[in-house]
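Now for the letters of each chain:
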Amino acid sequence: YDVAATGATHKCDACLHSKYKAKPYHPYPDDKDNAQALSVDVTGKLPVQSVDGRHYLAVGRATKTSYSFVAAMARKLETLSNAQAWIAYLEKHSGQHVATLRADGGELKSEAAASYCAMRGTELAYTPPANSQSNPFAENLIGQIMSLVR
């Protein structure tokens, strides 16, 4: 890991490395030219819910621009609508087509997600079950958020 690339304000290597979970299982191949990939994951059920009853967090991170997204949700079914909004935002503000939508298969494994991706020409890629290293962008973002919450 490149500790200097983390942008940390302190220089203790042991502290920084203790935050890392695991190296990615395999690196992603380069995505199609001038295209983004959006990695999405959901964490929860959180022990404390928000005032309006939300106890799941959906996160997304673009692989090329590193745009990051977080949404509090009451149900995991809201993941697809959040991903659709994030894709629209990414394409508008980066000028790049989102060619790949990566998820662990639980939240976005539905006919609605498959038809949405097929309609817009986006590959829907699932990571292997119980293998969080295969979705490092989203898992890292969840780890950062949860370390701030604790």
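The coordinates are above.
J.: I'm lost on helix 3 (residues 111-120) in this one. Help?
T.: What sets the pattern is the α-helix's 3.6 residues per turn: residues three or four places apart point alike. The set of residues buried in helix 3 consists of Ala113, Tyr116, Cys117 and Arg120. Angularly, the buried residues of helix 3 cover 95° about the axis, an arc narrow enough to put them on a single face. Opposite the buried face of helix 3, at more than 90 degrees from it, the exposed residues are Glu111, Ala118 and Met119. Structurally, helix 3 contributes buried residues whose contacts are with helix 2 (79-94), strand 4 (97-103) and strand 5 (123-126). Immediately downstream of helix 3, the backbone of Gly121 shows phi near 75°, a positive value.

J.: Help me out: how do you make sense of helix 2 in this one?
T.: Taking 1.5 Å of rise per residue, 16 residues should cover 22 Å, and helix 2 covers 22 Å from first to last C-alpha, within 8% of that figure. Those residues of helix 2 that fall on the buried side of the exposure criterion are Thr79, Leu80, Asn82, Ala83, Trp86, Ile87 and Leu90. Taken around the axis of helix 2, the buried residues stretch over an arc of 155°, which confines them to a single face.

Reading the values: rules and limits
- Residues numbered from 1 in each chain as written.
- Predicted model: local features only at pLDDT ≥ 70, side-chain atom pairs only at ≥ 80, totals over all residues.
- Heavy atoms only, no water.
- Buried < 20%, exposed > 50% of the residue type's maximum accessible area, 1.4 Å probe, protein only.
- Helix = DSSP H or I, 4+ residues; strand = E, 2+ residues; numbered from the N terminus.
- Arc of directions from axis to C-beta.
- Contact = heavy atoms within 4.5 Å.
- Expected span 1.5 Å × (residues − 1).

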